[in-house]
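Chain residues, written in single-letter form:
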Amino acid sequence: QVQLLESGGGLVQAGGSLRLSCAASGLTFSRYAMGWFRQSPGKEREFVGGISRSGNNKYYADSVKGRFTVSRDNAKNTVALQMDSLKPEDTAAYFCAADRGGGGDTQQQIAYEYWGQGTQVTVSS
């Protein structure tokens, strides 16, 4: 079956960096656009960034633009989220998701067929 497994979360001080990774299995990875979402307590899950099937097109929420970078390696079936200049408001559970029909810019959760279980990122002030 399809599995998306995130890793790389943890505790970091404000201004620091973390790199999240998502390993995919059970699907033809290169046929899926990939997205990263996050959810903090009491808030709705929100789009953070996405990447097209080829990796040539990348999209970001305004709140992370210039600080976060999405990348993918289709040979290794992985997608990554490099997070720099982290802020306390970036604290959340982060999820990767796979979208067969989109281009990586889809912000609606319902468009994504598969989801990982999430990894926690905590940024201390």
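Residues numbered from 1 in each chain as written. Predicted model: local features only at pLDDT ≥ 70, side-chain atom pairs only at ≥ 80, totals over all residues. Heavy atoms only, no water.

Caption draft 1: Molecular detail of the side chain of R72. As for its position among the elements, R72 is in strand β7 (residues 68-73). One buried charged residue, R72, remains without a salt bridge, the closest side chain of opposite sign being D73 at 8.2 Å. Beyond its immediate sequence surroundings of up to four residues, R72 is in contact with F29, S30, Y32, A33, M34, I51, S52, R53, S54, G55, T78 and V79. (Helix = DSSP H or I, 4+ residues; strand = E, 2+ residues; numbered from the N terminus. Buried < 20%, exposed > 50% of the residue type's maximum accessible area, 1.4 Å probe, protein only. Lys, Arg positive; Asp, Glu negative; His and termini not counted. Salt bridge = Lys/Arg side-chain N within 4 Å of Asp/Glu carboxyl O. Contact = heavy atoms within 4.5 Å.)

Caption draft 2: Representation of the pattern of salt bridges in the model. This model, assessed by the stated rule, comprises four salt bridges. A salt bridge links E46 to R38, with the nearest nitrogen and oxygen atoms 2.6 Å apart. Where D90 meets R38, a salt bridge forms, and the shortest distance between an N and an O atom there is 2.9 Å. Linking D90 in the loop between β8 (78-83) and β9 (92-99) with R38 in strand β4 (residues 33-39), this pair joins segments that are 52 residues apart in sequence. Residue R38 is classed as buried on the basis of its relative accessible area, which comes to 6%. Three or more residues are tied together by salt bridges with common partners; here these are R38, E46, R67 and D90.

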